[in-house]
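This is what each chain is made of:
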Amino acid sequence: MSHKFKVGQSVRLTRDNLRTSSDATFKILALRPADGDDPHYLVKSDSERVQRIVAQSAIKRDAN
């Protein structure tokens, strides 16, 4: 499976994977290798100090 999101794109974590106090928007910083059939991304929210690696199945396109 290939990456469906691009570097610089804004995304949100799915509710099942949301571990933040707000419904934050995350920016994709880098594409990461897939774990099996699920590509991964390095993402960061302006409201957090840390970067996260998340699976493509754990994010959705930002509606804004």
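Quick caveat: nothing in here was measured; it's all calculated off a predicted structure.

J.: An account of the overall build of the protein chain is requested, with residue identities and associated values reported.
T.: Along the protein chain, the regular secondary structure elements total zero helices and five strands. Listing each helix as α and each strand as β along the protein chain from the N terminus yields β-β-β-β-β. When burial is assessed residue by residue, the protein chain has 41% of its 64 residues classed as buried. For the protein chain, the exposed surface amounts to about 4,300 Å²; the carbon and sulfur share of it is 45%.

J.: I'd love a proper account of the nonpolar core, names of residues and values included.
T.: Judged by nonpolar contacts, F5, V11, L13, A24, F26, I28, Y41, V43, V54 and I59 together constitute the single largest core of ten residues. Ignoring sequence-local partners within four residues, the contact set of I28 consists of F5, K6, V7, G8, Q9, V11, Y41, L42 and V43.

J.: I'd love a proper account of the environment of R32, names of residues and values included.
T.: Examined against the element boundaries, R32 turns out to sit in strand β2 (residues 25-35). Its relative accessible area of 38% is what places R32 among the partly exposed residues. Setting aside chain neighbours within four positions, we find R32 in contact with H3, H40, Y41, L42 and I53.

J.: Let's hear about the packing of aromatic side chains: which residues, and what values?
T.: Tallied over the entire structure, the rule returns one aromatic pair. Residues F5 and Y41 carry aromatic rings whose centres are separated by 5.7 Å and whose planes lie at 70° to one another, so their mutual orientation is edge-to-face. Taken as a pair, F5 in the segment before β1 (10-13) and Y41 in strand β3 (residues 38-45) lie far apart in primary sequence, 36 residues in all. Side by side, F5 and Y41 carry an identical accessibility label, which is buried.

J.: Residues and numbers for the side chain of R12, please.
T.: Along the chain, the position of R12 falls in strand β1. Residue class for R12 comes out buried when judged on its relative accessible area of 15%.

J.: An account of the pattern of salt bridges is requested, with residue identities and associated values reported.
T.: Pairing between side chains of opposite charge can happen when the charged atoms of each approach one another. A full pass over the atoms with the stated rule returns two salt bridges. With a shortest N-O distance of 2.9 Å, D62 and R12 are connected by a salt bridge. Remark: R12 occurs in strand β1 and D62 occurs in the segment after β5 (59-61); sequence separation between them is 50 residues. Neither D62 nor R12 differs from the other in exposure class; each is buried. The salt bridge involving E48 is made with R52; its shortest N-O contact spans 2.6 Å. For the pair E48 and R52, one class covers both residues: buried.

About the cut-offs
Residues numbered from 1 in each chain as written. Predicted model: local features only at pLDDT ≥ 70, side-chain atom pairs only at ≥ 80, totals over all residues. Heavy atoms only, no water. Helix = DSSP H or I, 4+ residues; strand = E, 2+ residues; numbered from the N terminus. Buried < 20%, exposed > 50% of the residue type's maximum accessible area, 1.4 Å probe, protein only. Areas by Shrake-Rupley, 256 points an atom, 1.4 Å probe, with all protein chains shown as cover. Core = buried A, V, L, I, M, F, W, Y, C linked by side-chain atoms within 4.5 Å. Contact = heavy atoms within 4.5 Å. Phe/Tyr/Trp six-rings, centres within 6.5 Å; stacked < 30°, edge-to-face > 60°. Salt bridge = Lys/Arg side-chain N within 4 Å of Asp/Glu carboxyl O.

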